[in-house]
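Residues per chain, in single letters:
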Amino acid sequence: MTIDSFKYLSPTSTAIIRTLIAMGPGTEEPIPWTPLARPLSAATVTLVSTAALSTKTDMLFDTESERANPWWGDPSYRIIPRTATEGDIVASHLHIDNAYLLRDLDVALPLRRLDELVRAGFVGSIAPSHYSFQGYLLDPREFLSTSVPAMVEQMKREAVDAVVFVPV
Amino acid sequence: MIPELTSAMGAPRVAAIDFPFGRPLGQPGDASTQREVLRATLEALVNAAAPSTVTELPFAWPEPVGDVHWHPKEPSPIARLLAQKPALFKALIAGGIPVAASHRVAN
C-alpha cells in the first residue's frame, strides 16, 4: 500500500484507528463475496455515504446525543433520492468539515457523476434510492442489526446489482 | 477514507485513494476528476477477483498535505473529551471501547 491516509491524521487519531484495525471486524466469518451478476453496462448501481446526510424534509441525525456522550454515534440511516442536490441536503457529521460537500454534493455522494456514467453507457442504471449513515460508530452492532438489513431490503426491492460505498 | 481500516473491517473490494477526508471524489466543481474517480472505482469493482482486493487508484491530490483543510470548525466531541482526559485515550488504545459507545445515553 503506497497510499497513506494517516498523513492527514493527528497522532491521537492515528493511534485510535490503528487500535480499531488491530481489533478487526469482530467476527471470524469469512469475508463475503458476491460476483457481479451482469456486466456493469447492464447493472443497477446505488451509492452509500458515511457523511450523515439527510434530506431537509427528513429527520436529522442525532448529534445532540453524541455531544452529550462522545463515545456514541447515531446508528440510523437515511434514504437520499437520486435527484438530490446540495440544496436538498443537511450534513450532520461532527468529524469532518461538511462545507465542501454542501458546496458540491458530488465530492461525497456522486449522484450527477453516476448519472453521467449511465448516460455514457458505462453503467446500466442508477437506483432510485441512495443511502447515508453516520460513519463514527465505535460500536456498530445496532447499525449492523437494524440499519444494514433495512438498506439491503430496499436495495433488493430496487433490483440493485452493485453498491459503491463512499466513506468520508 | 482509510483503506487499511476499510479492508480490516472485511470490505470485499476496496478502492483506495489519496484524497483528504470529506472529499473522496475530489474538489468541489471538479466534475472531470470526480467522474474519473467514480469510473476507476467501478472498474476496481469489476476487476477484483477475490475477497480483500485493494486497488490503489492513481489520483494525486492537488494541494500539499500541510495545506489540506478537512477538520470540522470545532473539534469532534470525542477529540475534545480525549484532549481533556488523556487517561481515557490510554485506556482506549490499550484495547477497550467503553460500554458508553453502545448506549445513546451514557450512565
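Please read all numbers here as calculations on a predicted model, not as lab measurements.

A.B. asks: So what's going on with unusual backbone geometry? Residues and values would help.
C.D. replies: Trans is the prevailing form of peptide bonds, just as negative phi is the prevailing case for residues other than glycine. Residues and elements named next belong to chain A. Of note in this structure, Ala-52 is not a glycine but carries a positive phi near 55 degrees. Checked against the element boundaries, Ala-52 lands in the loop between β1 (44-49) and β2 (53-55). Overall, the relative accessible area of 0% leaves Ala-52 in the buried class. If you check the backbone angles, Ala-159 has positive phi at about 55 degrees while not being a glycine. Mapping Ala-159 onto the fold places it in the loop between α5 (141-157) and β7 (162-166).

A.B. asks: Give a detailed account of the side chain of Asp97(A), specifying residues and quantitative values.
C.D. replies: Mapped onto the secondary structure, Asp97(A) falls in the loop between β4 (89-91) and α3 (99-103). A polar contact of 2.9 Å, which involves the side chain of Asp97(A), links it to the backbone nitrogen of Ala99(A). There is a polar contact of 2.8 Å between the side chain of Asp97(A) and the side chain of His69(B). Apart from residues no more than four positions distant in its own chain, Asp97(A) is found in contact with His69(B), Trp70(B), His71(B), Pro72(B) and Lys73(B).

A.B. asks: Break down the domain arrangement of chain B for me, with residues and values.
C.D. replies: Splitting chain B by domain gives domain 1 (1-60) and domain 2 (71-107). Spacing between the C-alpha centres of domain 1 of chain B and domain 2 of chain B amounts to 29 Å.

A.B. asks: Tell me about the interface of chain A and chain B, and name the residues and values.
C.D. replies: Each side of the interface is counted separately: chain A has 61 residues, and chain B has 72 residues. Each partner contributes to the roughly 6100 Å² buried at the junction of chain A and chain B, and carbon and sulfur atoms together form 70% of this total. Looking at the side of chain A facing chain B, the largest losses of area belong to Tyr8(A), Trp33(A) and Trp71(A), adding up to 15% of the total buried there. Where chain A packs against chain B, one counts five salt bridges. Taking the shortest distance from any N to any O, the salt bridge between Lys7(A) and Asp18(B) comes out at 2.4 Å. Along the contact surface separating chain A from chain B lie 21 residue pairs in polar contact (both at pLDDT 80 or more). Listing elements by their share of the side of chain A that touches chain B, those giving two or more residues are α1 (11-23), α2 (63-68), α3, α4 (111-119) and β7 of chain A.

A.B. asks: Kindly report on the environment of Gln34(B), identifying the contributing residues and their values.
C.D. replies: With respect to the element layout, Gln34(B) can be found in helix α2 (residues 31-47). Along the backbone, Gln34(B) and Pro12(B) are 22 residues apart, and their C-alpha atoms lie at a distance of 23 Å. Discounting chain neighbours no more than four positions away, the residues touching Gln34(B) are Asp104(A), Asp106(A), Val107(A), Arg113(A), Leu25(B), Gln27(B), Pro28(B) and Gly29(B). Polar contacts involving the side chain of Gln34(B) include one to the side chain of Asp104(A), which spans 3.0 Å.

A.B. asks: Let's hear about the packing of aromatic side chains: which residues, and what values?
C.D. replies: Overall, the coordinates contain six aromatic pairs over all chains when judged by the stated rule. With centroids separated by 6.0 Å and ring planes inclined at 25 degrees, the aromatic side chains of Phe133(A) and Phe165(A) adopt a geometry described as stacked. In this pair, Phe133(A) sits in strand β6 (residues 129-133) while Phe165(A) sits in strand β7, placing the two residues 32 residues apart along the sequence. The buried category is assigned to Phe133(A), whose relative accessible area is 7%. With a relative accessible area of 40%, Phe165(A) lands in the partly exposed category. Taking 6.4 Å as the distance between ring centres and 70 degrees as the angle between the ring planes, the aromatic pair formed by Phe19(B) and Phe59(B) counts as edge-to-face. Note that Phe19(B) is positioned in the loop between β1 (13-16) and α2 and Phe59(B) in the loop between β2 (53-56) and α3 (77-84), a separation of 40 residues in sequence. You'll find Phe19(B) and Phe59(B) in the same group, each marked buried. Three or more aromatic residues link up through ring pairs in this structure, and these residues are Tyr8(A), Phe21(B) and Trp70(B). Above the plane of the ring of Trp33(A) lies Arg13(B), whose end atom (NZ or CZ) is 3.9 Å from the centre.

A.B. asks: Kindly report on the packing of α3(B) against helix α4 (residues 86-93) of chain B, identifying the contributing residues and their values.
C.D. replies: All names here are of chain B. Interhelical geometry of α3 versus α4 gives an angle of 110 degrees and a closest axis separation of 5 Å. Judged by the inter-axis angle, α3 sits roughly perpendicular to α4. Here α3 contributes Leu-81, Leu-82, Ala-83 and Gln-84 to the contact with α4, which in turn contributes Pro-86, Leu-88, Phe-89 and Leu-92. The class makeup of the residues in the contact of α3 with α4 is seven nonpolar, one polar and no charged.

What counts as what
Chains are numbered independently. Their residues run from 1 in the order of the written sequence. A letter from A marks each chain and a number from 1 marks each ligand, given out in the order of writing. Residues qualify for local features only when their pLDDT is at least 70, as the model is predicted, and side-chain atom pairs are given and counted only at 80 or more; totals for whole chains, interfaces and linings, by contrast, use all residues. With hydrogens and water excluded, all non-hydrogen atoms of the structure serve as input to the side-chain values. Only DSSP runs of H or I reaching four residues or more are called helices, and only runs of E reaching two or more are called strands; each is numbered from the N terminus. With a 1.4 Å probe rolled over the protein chains alone, any residue whose accessible area is under 20% of its type maximum counts as buried; one over 50% counts as exposed, and the rest are partly exposed. Within 3.5 Å is the distance limit for a polar contact, defined as a pair of N or O atoms, with the added protein rule that one can donate a hydrogen and the other accept it, and that residues adjacent in sequence qualify only through two side-chain atoms. Residue contacts are counted whenever heavy atoms from the two residues lie within 4.5 Å of one another. For each domain, the first and last residues come from an automatic or database assignment. Here the quantity called buried area is the total loss of accessible area, with a 1.4 Å probe, experienced by two parts when brought into contact, counted for both. Salt bridges are counted wherever a side-chain nitrogen of Lys or Arg sits within 4 Å of a carboxyl oxygen of Asp or Glu. Ring pairs are drawn from Phe, Tyr and Trp, using the six-membered ring of Trp, whenever the two centres fall within 6.5 Å, and their geometry is named by plane angle: stacked under 30 degrees, edge-to-face over 60, tilted for the rest. Note on geometry: a ring has a charge over it if NZ (lysine) or CZ (arginine) is within 6 Å of the ring centre and within 35 degrees of the ring normal. Lines fitted to C-alpha atoms define the axes here, with helix axes fitted over just the stretch in contact, and angles between the N-to-C directions of these axes take values from 0 to 180 degrees. Roughly parallel refers to an angle under 35 degrees, roughly antiparallel to one over 145, roughly perpendicular to one between 65 and 115, and oblique to any angle outside these ranges. Amino acid classes used here: Ala, Val, Leu, Ile, Met, Phe, Trp, Tyr, Cys and Pro are nonpolar; Asp, Glu, Lys and Arg are charged; the rest, including Gly, are polar.

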